[in-house]
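Each chain, written out:
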Amino acid sequence: MASPIQVVLNPENYVEARDAGGGGGGKDFFAHRDRAFRDHKAALIGQVEAISGVLSAQAQGDVGYVKVILRREAWAKSHRPIVTLFRSDRTRLVGGGDLGIMIVEGRPSTLRRVSEEIAKAETHTVMRFDEKKQKEVPNPSPRKSETGAIDRIELFGPSDRRSFSAEEAVAWLSNPMTGSSYQVELFDAPPPRSEWDRIDAGHRRLVESFISGLNELEHGLTVERLPDRHQKQTILSVRLDQSGAQPVLQLNEPSVVERRRDLAPFNPDVAQHARLLTFLDHHPLVRRIELPGIVVRASPSTDLFGRRRPKDAVIPVRDSRRTHPRLGIIDGGISAVLSDWVIDRWDILADEDADLAHGTFIGGLAAIGGALNGAEICPELDGAELVDVAVFPSEGKAGAFTSYYPDGLAQFFDEMETAISDARARHGVRVFNMSLNILQPAAPDRYSPHAARLDRIAEANNAVIFISAGNIQPQDLRAEWPKDAAAALVNLANGRNDGLLTPAESVRNVAVAALNPPGHGDCLPFAPTRFSRRGPGLRAGVKPDLAHVGGAGTSDLILGHGLFSILPDGSVVDGCGTSYAAPLVAKTAAALDHAIEGEISRESLIGLLVHHAEVPILLKSKTLAPIARQMVGFGMPPSADRILETGENTITLVFASRIQRDQQINFGFPWPASLVGPGGKCRGRAKLTLVSTPPLDARFGSEFVRVNINATLQQQQADEGWKGRLDPLYLPLKRGAPAVEAELIEHDLKWSPVKVLEKEFPLGVGPSSNWRLYVEYLTRAGEVMPEEGVPFTAIVTITDPEGEMPVFNDMRQNLQALGAQISDIRTAARITPRV
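Residues numbered from 1 in each chain as written. Predicted model: local features only at pLDDT ≥ 70, side-chain atom pairs only at ≥ 80, totals over all residues. Heavy atoms only, no water.

S.K.: Before we move on, can you summarise the nonpolar core with the specific residues and values?
M.R.: Core analysis: the largest hydrophobic core is formed by 93 residues, its most contacted members being Phe-466, Trp-481, Leu-608 and Ile-825. Contacts of Ile-825, omitting those with residues within four sequence positions, involve Ile-5, Val-7, Ile-596, Leu-608, Leu-644, Val-654 and Val-835. (Core = buried A, V, L, I, M, F, W, Y, C linked by side-chain atoms within 4.5 Å. Buried < 20%, exposed > 50% of the residue type's maximum accessible area, 1.4 Å probe, protein only. Contact = heavy atoms within 4.5 Å.)

S.K.: Kindly report on the sheet that holds strand S11 (residues 221-225), identifying the contributing residues and their values.
M.R.: Read from one edge to the other, the open sheet built from five strands follows the order S13-S11-S12-S10-S14, with strand pairing classed as mixed. Both outer strands of the open sheet, strand S13 (248-250) and strand S14 (286-290), are each paired with one neighbouring strand and no more. Taking each pair of neighbouring strands and ignoring which way they run, the sheet shows an average axis angle of 20°. Alignment of strand S10 (residues 182-186) against S14, held across four bridges, turns out to be antiparallel. The residue of S14 that forms the bridge with Leu-186 is Val-286. (Pairing = 2+ DSSP bridges. Helix = DSSP H or I, 4+ residues; strand = E, 2+ residues; numbered from the N terminus. Axes fitted to C-alpha atoms, helices over the stretch in contact; angles between N-to-C directions.)

S.K.: Tell me about the pattern of salt bridges, residues and numbers included.
M.R.: Should their charged atoms come close, side chains of opposite charge can pair. Summed over all chains, the structure comprises 44 salt bridges. In this structure, the salt-bridge partner of Asp-241 is Arg-239, at a minimum N-O distance of 3.9 Å. Arg-239 shares its class with Asp-241; the two are buried. Linking Asp-388 and Arg-345 is a salt bridge whose minimum nitrogen-to-oxygen distance equals 2.8 Å. Of this pair, Asp-388 sits in strand S19 (residues 385-390) while Arg-345 sits in strand S18 (residues 342-347), and the two are 43 residues apart along the sequence. (Salt bridge = Lys/Arg side-chain N within 4 Å of Asp/Glu carboxyl O.)

S.K.: Explain the environment of Gly-575 to me, and be specific about the residues and the numbers.
M.R.: Counting through the fold element by element, Gly-575 comes out in strand S26 (residues 572-575). Exposure remark for Gly-575: the relative accessible area of 0% places this residue in the buried category. Separated by eleven residues in the primary sequence, Gly-575 and Phe-564 place their C-alpha atoms 6.5 Å from one another.

S.K.: Outline the packing of helix H11 (residues 409-427) against helix H12 (residues 449-460), supporting the account with residue identities and numerical values.
M.R.: Between two packed helices, both the angle of their axes relative to each other and the distance between the axes serve to describe the pair. Interhelical geometry of H11 versus H12 gives an angle of 15° and a closest axis separation of 10 Å. The angle between the axes of H11 and H12 places the two elements in the roughly parallel class. Considering only the axes of H11 and H12, their crossing is right-handed. Between H11 and H12, the residues in contact are Leu-409, Ala-410, Phe-413, Asp-414, Met-416, Glu-417 and Ile-420 and His-450, Arg-453, Leu-454 and Ile-457, respectively. (Parallel < 35°, antiparallel > 145°, perpendicular 65-115°, else oblique. Left-handed = near helix turned anticlockwise from the far one by under 90°.)

S.K.: Account for unusual backbone geometry, with residues named and values stated.
M.R.: Cis geometry is adopted by the peptide bond preceding Pro-503, which originates at Thr-502 and carries an omega value of 0°. For Pro-503, the position within the fold is in the loop between helix H13 (485-494) and strand S23 (510-515). If you check the backbone angles, Gln-134 has positive phi at about 60° while not being a glycine. The backbone phi angle of Trp-751 is positive, close to 75°, even though this residue is not glycine. The residue Trp-751 is located in the loop between helix H18 (741-746) and strand S34 (754-765) in this model.

S.K.: Describe H13, naming the residues involved and giving the relevant values.
M.R.: Those residues of H13 lying buried are Ala-485, Ala-488 and Leu-492. Within H13, the buried residues cover an arc of 55° as seen down the axis, which keeps them to one side. In H13, the exposed residues that point more than 90 degrees away from the buried face are Ala-493 and Asn-494. Elements in contact with the buried residues of H13: helix H16 (625-632). (Arc of directions from axis to C-beta.)

S.K.: Describe the packing of aromatic side chains, with residues and values.
M.R.: Applying the stated criterion to the full structure yields 22 aromatic pairs. For the pair Phe-412 and Phe-413, a centre-to-centre distance of 5.8 Å together with 70° between the ring planes defines the contact as edge-to-face. In this structure, Phe-412 and Phe-413 share a single accessibility class: buried. Residues Tyr-447 and Phe-704 carry aromatic rings whose centres are separated by 4.3 Å and whose planes lie at 20° to one another, so their mutual orientation is stacked. Of this pair, Tyr-447 sits in the loop between strand S21 (436-438) and H12 while Phe-704 sits in the loop between strand S30 (682-692) and strand S31 (707-716), and the two are 257 residues apart along the sequence. Of the two residues examined, Tyr-447 and Phe-704, each falls in the buried class. Among the aromatic residues, ring-to-ring pairing joins Phe-392, Phe-401, Tyr-404, Tyr-405, Phe-412 and Phe-413 into one connected group. Against the face of Phe-37 rests Lys-144, its NZ or CZ located 5.0 Å from the ring centre. Positioned over the ring face of Tyr-774 is Arg-772, at 4.4 Å from the centre of the ring. (Phe/Tyr/Trp six-rings, centres within 6.5 Å; stacked < 30°, edge-to-face > 60°. Lys NZ or Arg CZ within 6 Å of the ring centre and 35° of its normal.)

S.K.: Describe helix H3 (residues 142-149), with residues and values.
M.R.: Among the eight residues that make up H3, six are buried, leaving the element largely enclosed by the rest of the structure. For H3, the complete set of buried residues consists of Lys-144, Ser-145, Glu-146, Thr-147, Gly-148 and Ala-149. Check the buried side of H3 and you find it contacts helix H1 (34-56), strand S4 (64-70), helix H2 (108-120) and strand S9 (150-155).

S.K.: Explain the environment of Ile-362 to me, and be specific about the residues and the numbers.
M.R.: The residue Ile-362 is located in helix H9 (residues 356-373) in this model. With relative accessibility at 0%, the residue Ile-362 sits in the buried group. Distance from Ile-362 to Ala-581, taken between C-alpha atoms, is 9.2 Å for residues 219 residues apart in sequence. Apart from residues no more than four positions distant in its own chain, Ile-362 is found in contact with Ile-329, Asp-331, Asn-433, Ser-435, Ser-579, Tyr-580 and Pro-583.

Put into structure tokens, the structure is as follows:
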């Protein structure tokens, strides 16, 4: 008997006042190492005094920016040196870099006070008796604890700002698709000239020196501030051209009208670029200098198409009397051969600038993929109502991209956002496929502007965009995945230039990697393809998120690449690429959205895919499990039908809510009676997936997620306390206890918006059948929980691995007896506003 997913309809009944807890503060990082601490303290004082001296002599004024680098075991919020040393009223926190790196604003006067506080830290180990532990434990002062938490203190300098040469810059910017402009991020936005009287002399000198320095540079310099769109970053577009005009500085955020202009030809003079870069490298106001990206299709690592199918595709006529899943395809256009399935087009491209092959292949997978490939590859029923978002001009025509987007990527994303908003408003489309990437690798310590922009678009439209992970360039292709696990690790170790491309590190959307097709003689079925890029992307979280069949990277004599769709003329072809894996996952998401009445939340839609995804069996071995997350994320999702209904030996509960300031969620329930043995031991298998939408701030680098939502499935103990029973999906086989912050980030996915935990209890566990779903939050140091709270969805599945016990009926009856209101997810929106 089918057992549908159940939604808890009254989540507000399980809200309670938050137990703020303690945290791990007051740690002595140099306990019983007094001489080492004396040396460390002297080194920090020397570093601070050296930085103060540099700032005092600085031509741009005495304001500078300082990196406070914490030791690995001090990454936790409770150890941050912001209470005594780098207090907010003394040194303003302006951002972060990699994990454990704080960036603060410093001046000689404030840094002297920091140095004085460090000097006051006691150099001996103070002890106290701990009643609970019944032994003496270190008891440092706040000054000593914070001083010990710091590894070193450095001035933010030229090497932090740029990672390319002037020659490399000119070669890259000479491609018109880049817009030929540097992107320069500042620590602070220069205020309008009329407001300079509001800032102190040091900050005024900082701004004056920046503006005067730019004006003193070469002719043909144009500097414009890019729209920040609430991302709290100040980013300038800086361009050198051949106009010979005086420098033009527009440092206030421009209107769209102001940004539309004819561009003078790019200036390729390396010497002039070197002078510009030297100025930017050494000005304290500059945080980062970057080269812009180029939009490319996630096209195959081999030829786009292999052998043609011998038979023509039969494209069914759309039955207008019923509805179908709806999917937006962001690409270069969809051929008229699929016009019956295309319900609307956002097409700004002239015919001569359109390249329909890529978008038509993707549209064909959505409309007739099952007929061409079978249910093992394309599990959803054929048919999808498509919105053709044709915004990407042909890559094969020189100058096509810049003719539509002379201001580069920002303008491209503007057009995309307008198209998505229109499709959402007119047709209710919430699922979009974007098999496009930016030719920039995702950095582990930076949330890119491209990913941030895509995330804002998705959140503003309550939509989910499925992004290809990107394909490896032909010269860097890995060997086909071998049967031997050790050989697979060697292949990965030898891989190069195979990391994710932006914006695949997006955290509001879903990045998809590619798997081999089944039945293909030259490759292992459902193994990572040789062309699919791998994570980790940003340090916090799992990337890619999911994986699906994307065709084989090695062509077979009979099957070609083993994934079939159509050309613009309707003929059948085979192809491969992460471009073609992403729409298969997007189609399942669209099918879920279609099957569930009302509007399912973004968190629930992503959560259902992640929760039911399975890591391919060949990646579950002890040897390969540690790298599986970088190759396939949480795995390959099944069909929408399999997600929405399970057997009677399983129950899946969806808890969709919003956690508010000073609140926590405590949802108590009894374990299914049929799985409870003598003494209250509970057996079975449980899985918990959490998806949240926390506030983000790109200024803080790897620590850009500012609120951590955490969920645990806990069992009551004999002492009335509670114990978490599930393990993170990618927990290493052995780990010391307790885990430090670095391990919690890497393995437990602390600070990641998506978390998955699971565990099987074959022999039973614990003394009680009382369990609870417990959801809580933690803010970063200095961060405040948003007024509107943080939306989240927690999905819990409990199952009998032996497939015998009536788990669904047991749980449903118990929950109803306790007053929990639950309903089939497909109709729950009739009753509750959030699913």
